[in-house]
Amino acid sequence: MEKTKLGVSVGLVGAFVCALAGFGGYVAAAIAVGYVLLFEQNEWLKRTAVKAAATLVVYGFLIVAIGLIPDVITWVLSIFDVLGAEIHLDFITGIFRVITRCIEIFRDLLFVGLTYKAINQGTINVPIVDGLVNKYM
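These numbers come from a predicted model, not from an experiment.

Once that is clear, we can look at the overall build of the protein. A tally of regular secondary structure across the protein gives five helices and zero strands. Put simply, the protein runs from its N terminus to its C terminus through helices and strands in the order α-α-α-α-α. Taken over the C-alpha trace, the protein has a radius of gyration of 20 Å; the compact-globule value for 137 residues is 14 Å, which it surpasses by more than 25%. Its C-alpha atoms give the protein principal-axis dimensions of roughly 70 × 25 × 25 Å. Considering the protein as a whole, with its 137 residues, one finds that 36% of them fall into the buried category. A separation threshold of at least 6 residues defines the contact pool for the protein, and within that pool the share at least 24 residues apart is 70%. Counting every atom, the protein has about 8,500 Å² of accessible surface; 71% of that belongs to carbon and sulfur. Seen as two clouds, the 10 positive and the 10 negative side-chain charges of the protein have centres 14 Å apart.

Quick look at unusual backbone geometry now. Phi at Gln-121 takes a positive value of approximately 60 degrees, unusual for a residue other than glycine. Within the fold, Gln-121 resides in the loop between α4 (90–119) and α5 (127–136). A residue is classified by how much of its surface remains accessible, and Gln-121, at 36% relative accessible area, is partly exposed.

Turning to its location among the elements, Lys-51 is positioned in helix α3 (residues 43–82). A residue is classified by how much of its surface remains accessible, and Lys-51, at 7% relative accessible area, is buried. A polar contact of 2.9 Å, which involves the side chain of Lys-51, links it to the side chain of Asp-130. Not counting residues up to four positions away in its chain, the partners in contact with Lys-51 are Leu-114, Thr-123, Ile-124, Asn-125, Val-126, Val-129, Asp-130 and Val-133.

Take the nonpolar core next. In this structure, Val-17, Val-36, Leu-45, Ala-52 and Phe-111 are the most contacted members of the largest nonpolar core, which totals 30 residues. Where this core is concerned, the elements lending two or more residues are α1 (10–23), α2 (26–39), α3, α4 and α5. With ten residues, α3 is the largest single contributor of residues to this core.

We now examine the packing of aromatic side chains. What the rule picks out here adds up to two aromatic pairs. Between Tyr-35 and Phe-39, the aromatic rings sit 5.5 Å apart at their centres with planes inclined by 35 degrees, giving tilted as the arrangement. Here Tyr-35 pairs with Phe-39, and both are found in helix α2, just four residues apart, close to one helical turn. On the basis of relative accessibility, which here comes to 23%, the residue Tyr-35 falls in the partly exposed class.

This next bit is on the packing of α1 against α4. The relative placement of two packed helices is expressed as an angle between their axes plus a distance between the axes. Where α1 contacts α4, the two axes come as close as 7 Å, and the packing angle between them is 170 degrees. Compared by their axis directions, α1 and α4 come out roughly antiparallel. Where α1 approaches α4, its residues Gly-11, Gly-14, Ala-15, Cys-18, Ala-19, Ala-21, Gly-22 and Phe-23 are matched on the opposing element by Asp-108, Phe-111, Val-112, Leu-114, Thr-115, Ala-118 and Ile-119. Classifying every residue of the contact of α1 with α4 gives ten nonpolar, four polar and one charged.

What counts and what doesn't
- Numbering of residues starts from 1 in each chain and follows the order in which that chain's sequence is written.
- Selection of residues for local features in this predicted model requires a pLDDT of at least 70, selection of side-chain atom pairs for listing and counting requires 80 or more, and totals for whole chains, interfaces and linings are taken over all residues.
- To obtain the side-chain values, all non-hydrogen atoms of the structure were included, while hydrogens and water were left out.
- Helical segments are the DSSP runs of H or I of at least four residues, strand segments are the runs of E of at least two, and each set is numbered from the N terminus.
- For the radius of gyration, the atom set is restricted to C-alpha positions; the globular benchmark scales as 2.2 Å times the number of residues to the power 0.38.
- Relative accessibility thresholds used throughout: buried, under 20% of the residue-type maximum; exposed, over 50%; partly exposed, between the two (1.4 Å probe, protein chains only).
- Residues count as neighbours in contact if any of their non-hydrogen atoms are within 4.5 Å of one another.
- Each accessible area is a Shrake-Rupley result for a 1.4 Å probe, and residues are judged covered by the shown protein chains and nothing else.
- All tallies of charge rest on Lys and Arg as positive and Asp and Glu as negative; His and the ends of each chain are not included.
- By convention, charge coordinates are those of NZ in Lys, CZ in Arg, CG in Asp, or CD in Glu.
- Here a polar contact is taken to be a pair of N or O atoms separated by no more than 3.5 Å, where protein atoms must pair a possible hydrogen donor with a possible acceptor and residues adjacent in sequence count only if both atoms sit in side chains.
- By nonpolar core we mean a set of buried residues, namely Ala, Val, Leu, Ile, Met, Phe, Trp, Tyr and Cys, connected to one another through side-chain atoms within 4.5 Å.
- Here is the rule: rings of Phe, Tyr and Trp (six-membered ring for Trp) pair when centre to centre is within 6.5 Å. Planes less than 30 degrees apart are stacked, more than 60 are edge-to-face, and the remainder are tilted.
- Angles shown run from 0 to 180 degrees and are taken between the N-to-C directions of axes, each axis being a line fitted to C-alpha atoms and, for helices, limited to the stretch in contact.
- Any angle that falls under 35 degrees is termed roughly parallel, while one over 145 is termed roughly antiparallel, one within 65 to 115 roughly perpendicular, and all others oblique.
- Only Asp, Glu, Lys and Arg are considered charged in this grouping, and only Ala, Val, Leu, Ile, Met, Phe, Trp, Tyr, Cys and Pro are considered nonpolar; every other residue, Gly among them, is considered polar.

None of this, on its own, says anything about what the molecule does.
Shown next as structure tokens:
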């Protein structure tokens, strides 16, 4: 079992980075990924750290992009409201709230799976993220 410079197994550090990316937020993930990229030599660990960060960013972008749709609809309806036409489409924002929450649940499950698989130096294929990591690393 290969060890990192910290004296911990590579798989455990990879699992820690995945868990931080999934549940610790952007700052914690950036610190952990930065450490791995700067100080560790194991190629699998570096790819795992970058994949965890890229997965976090891709899902964040997806949630923001979907969240913009009801915001734009609300903005358009507010223009009509200023003109005197009162229109309420609250069910649309509800639908997008459900979609966003489903994506967040899937993201959390994916990070749990990535963390579990990383303990044994495995991974889960995420097509968009794997394509980005393979292209730029």
